[in-house]
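# Reading the structure
As a plain string of letters, each chain reads:
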Amino acid sequence: MKLVIISNRLPLKIVEEQGTYKIVHSDGGLATGLDSLKTTHAKHWVGWPGMYVEDGKEKEAIHKELKAQHFHPVYLTPEQIENYYEGYSNSVLWPLCHYFSTYMNYENSYWEAYKEVNKLFSDEACKIIEPGDIVWVQDYQLMLLPALIRECVPDVSIGYFHHIPFPSYELFRALPERADLLNGLLGADLVGFHTHSYMRHFISAVYRVLNLECNLDEIQLDSRVVDVDAFPMGINYTQYHDAILDKHISRQAKELRKNFGDVKLIVSVDRLDYSKGILIRLASFESFLENHPEYQEKVSLVMVVSPSRDTVDIYAELKDKIDKMVGAINGKYASSHWTPIHYFYRAFDFEEVTALYNMADIALVTPLRDGMNLVAKEYLATKRDQPGVLILNEMAGAAIELSDALIVNPTDTKEIEDAILAALEMPVEEQMKSLHAMQEIISCQTVEQWAKDFIDELKEVKKKNDVLQEKIVKKENLQLIKKQYKKAKKRLILLDYDGTLVPFYKKPEQAIPSKDLMELLAILAKDPKNRVVISSGRDRKKLDEWLGSLPIDLAAEHGAFYKEKGKWHEKIHEIAWDEEIVRIMKHTVKRTPKSRLEIKKTALVWHYRSVDMWLAELRVNQLVNALMAPCARANLQIMRGNKIVEVKSSDFSKGAEAMRLISEETFDLVMAIGDDTTDEEMFQALPEEAVTIKVGKCSNAAKYNIPTQQGTIRFLKELITKEGKK
């Protein structure tokens, strides 16, 4: 069994030195976390090696060396990198996910390349993936990959982690390929995000785009569930916490302090990107210097900007604006012995950046939108026992964990300016208290813990899906059920109607039984060993109209009325509905477009199948809360079903009707099939030896599961098919 990690880039780079290629391993956070993951599984990594090698011999040599280290390269052409990576990934998905939709540059060729490259990754990964392996796909460049791998190797555990924000539905719906991307992600067993807000946005998109059911953190598919959860990514805490103990880093910190002079230092570390809020940060610092002249020559901003995509127009323009703004601020406020902003347009290595963190009095971390932001955590860890203040954007994922920081809105220059002043004037005792509180959090939620938590939950989801798979009616358990069916001399077959024998329709009156279904039920009923009962929540008039011609029994409105030997019987008389209850339900219909109220003799049913899912969930909760008191006074039951809320007498149910049937006769086999909460009452009421089958979402109350309504018809046909006949 293997752990196969798949990311856009392999955790290495190939550098050319004196005409030969050399592999240099990366020490990034993801690579560190996954390398330190304690597992008995052999770890393999699939990804782009970072450069295009044309020479056949060089490519073969690199390939051989990579494979020996369990790295499996996906070679991409310059055109694929341009259209898949720079194009769809970074010119469409990146700006959209960071709420910069106006920066999106959409071209059809980008999407075609994105699909093509995801398929290349799948082809390479499927060469090494075997049934039982664990696959972990990383980030937005590979959103189609989980489904592609699932199609190739069904019996594999697949996880996906989204390292950037996931946008709200209103933004995500702007993507023409929104359904393709979501279906791609749902090939995974576990989809992970940094925060619960991103998780909530994803679930909302799945609701609205794919119309799939979601129970809290579970998305129900035909034959399995997909778990969605939040896993805040951490850092290698020990590495940063102990960095200053290294004599080289300690010496660098002292040299930096000497070079910057005896002033308070604010550190800012980013890569060049419009999502980082660098211009607003500069404007805030300029405003601070103007409004608080007493701090001129007493505080400096050390700003490190790592180059990124600066050949792209929008990034080149951003760099030009930063350069000019830094120059203007320094030109306005600098003196012969003081520079307001020390600006470095280059990447700092680990030694430099940790030395900078350690000596800085304040860290100014104000990206406009960020999936997590590890700079904030790196700064806190590196400070050790020295005072320091973190100013953090409320829209960075890290803000949820680091609530002891000075939290600011990254677009509010006045708020950032005030936070700088508060940080400079904060007593050391208060600084240390906040620092230690945040260090305690990040020292526990490390990158190693992040990786472990994800893999542990992925394994649990796999176990859960394995249990579901065992319940699904397949060849083995179908033969077992058929054997019981064949052996029995007297059988009771209880069948729900909507969602079991017929699909759901937006308008319930459209659920007319097909000719094929009528013939199937007639064949079932013709067998003298069978007593077939349709037990439904529908009213008796409609059931009689549709199914009354068949030699079967009917139970309407959950057994309040039942038909035996062609005659209807009543368990309960028509209810005189409380005016308050009817008024509450009619008011809900009025406030909820596309919903309707059905008034039966023994039940009031609010239908919301066509209603927007978010609004439906809101209205369901509001309705149930409003109905609780009047229903309790009238001794009525409130029941949530499949896109319905039903108010009915608590004196009858499908379970009670099933008990009535088995108390009147002795059956060798009792079989019940249904898809709803009301059917689960029936399953629970039946004896343990009964064959109970839940349609759709799996249920603990049923022994077996048929994932789809169409599968019910196939199952019944197979049940009555004699061996050797089709």
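The notes below deal with the structure included here.

Calculation notes
- Residues numbered from 1 in each chain as written.
- Predicted model: local features only at pLDDT ≥ 70, side-chain atom pairs only at ≥ 80, totals over all residues.
- Heavy atoms only, no water.
- Helix = DSSP H or I, 4+ residues; strand = E, 2+ residues; numbered from the N terminus.
- Contact = heavy atoms within 4.5 Å.
- Areas by Shrake-Rupley, 256 points an atom, 1.4 Å probe, with all protein chains shown as cover.
- Lys, Arg positive; Asp, Glu negative; His and termini not counted.
- Charge placed at Lys NZ, Arg CZ, Asp CG, Glu CD.
- Core = buried A, V, L, I, M, F, W, Y, C linked by side-chain atoms within 4.5 Å.
- Buried < 20%, exposed > 50% of the residue type's maximum accessible area, 1.4 Å probe, protein only.
- Pairing = 2+ DSSP bridges.
- Axes fitted to C-alpha atoms, helices over the stretch in contact; angles between N-to-C directions.
- Salt bridge = Lys/Arg side-chain N within 4 Å of Asp/Glu carboxyl O.
- Right-handed = clockwise from strand over helix to strand, strands pointing away.
- Parallel < 35°, antiparallel > 145°, perpendicular 65-115°, else oblique.
- Nonpolar A, V, L, I, M, F, W, Y, C, P; charged D, E, K, R; others polar.

## Considerations on the overall build of the protein
- When its secondary structure is counted, the protein shows 25 helices and 29 strands.
- Taking the principal axes of its C-alpha atoms as reference, the protein extends roughly 105 × 70 × 45 Å.
- Partitioning the intrachain contacts of the protein with sequence separation of at least 6 by distance along the chain shows that 70% fall at a separation of at least 24.
- Carbon and sulfur atoms form 50% of the exposed surface of the protein, whose accessible area is close to 32000 Å².
- If you average the places of the 94 positive and of the 108 negative side-chain charges in the protein, the two averages end up 8 Å apart.

## Considerations on the nonpolar core
- Grouped together as the largest cluster of nonpolar side chains are 139 residues, with contacts concentrated most on I6, L181, F202, L390 and L392.
- Among all residues touching L392, those that are not within four sequence positions of it are V365, A376, A398, A399, L402, A405, L406, I407 and V408.
- Judged by nonpolar contacts, the second largest core, of 43 residues, contains I481, I552, L669 and I673.

## Concerning the sheet that holds strand β8 (residues 190–193)
- Ordered by their spatial adjacency, nine strands build an open sheet running β5-β4-β1-β6-β7-β8-β11-β10-β9, and the pairing between neighbours is mixed. Of all the strands in the sheet, just β5 (71–73) and β9 (214–215) have a single pairing partner and so form its edges.
- Strands β8, β9, β10 (218–220) and β11 (225–230) of the sheet are contacted by helix α8 (residues 196–210), whose axis makes an angle of about 150° with β11.

## Some thoughts on unusual backbone geometry
- Residue D139 is not a glycine yet carries a positive backbone phi of 80°.
- Within the secondary structure layout, D139 lies in the loop between β6 (134–138) and α5 (145–152).
- Phi angles above zero are rare outside glycine, and N373 is one such case at about 80°.
- Checked against the element boundaries, N373 lands in the loop between β15 (362–365) and α14 (375–383).

## Here we look at the pattern of salt bridges
- In total, this model carries 46 salt bridges according to the counting rule given.
- A salt bridge links K119 to D123; its shortest N-O distance comes to 2.7 Å. Highlighted residues: K119 and D123, both in helix α4 (residues 108–126), separated by four residues, approximately one helical turn.
- Take K119: its relative accessible area is 40%, and that puts it in the partly exposed class.
- For the salt bridge of D456 with K452, the shortest nitrogen-to-oxygen distance reads 2.7 Å. In this pair, D456 and K452 are both assigned in helix α17 (residues 447–471), four residues apart and thus about one turn of the helix distant.
- Three or more residues are tied together by salt bridges with common partners; here these are K490, R531, D553, E564, K571, E657, R660, E664 and E665.

## Things to note about the pairing of strand β13 (residues 299–306)
- Counting buried positions over the eight residues of β13 gives seven, a clear majority of the element.
- Pairing of strand β12 (residues 264–271) with β13 involves eight bridges; the strand directions are parallel. Along β13, the bridge assignment pairs D270 with V305.
- Following the backbone out of β12, through helix α11 (residues 278–291) and into the adjacent parallel β13, one traces a crossover that is right-handed.
- With four bridges connecting them, β13 and strand β14 (residues 341–344) associate as parallel partners. When the sheet's bridge partners are listed, V302 is paired in β14 with H342.
- As for the winding sense of the linkage, the β-α-β connection from β13 through helix α12 (residues 313–333) to β14 is right-handed.

## Quick word on the packing of helix α21 (residues 579–591) against helix α22 (residues 613–633)
- Axis separation between α21 and α22 bottoms out at 9 Å; the angle between their running directions is 170°. The angle between α21 and α22 falls in the class roughly antiparallel. Only R619, Q622, L623, A626, L627, P630, C631 and R633 of α22 make contact with α21, whose side of the interface consists of E580, I581, I584, M585, T588 and R591.
- Looking at side-chain class alone, the contact of α21 with α22 contains eight nonpolar, two polar and four charged residues.

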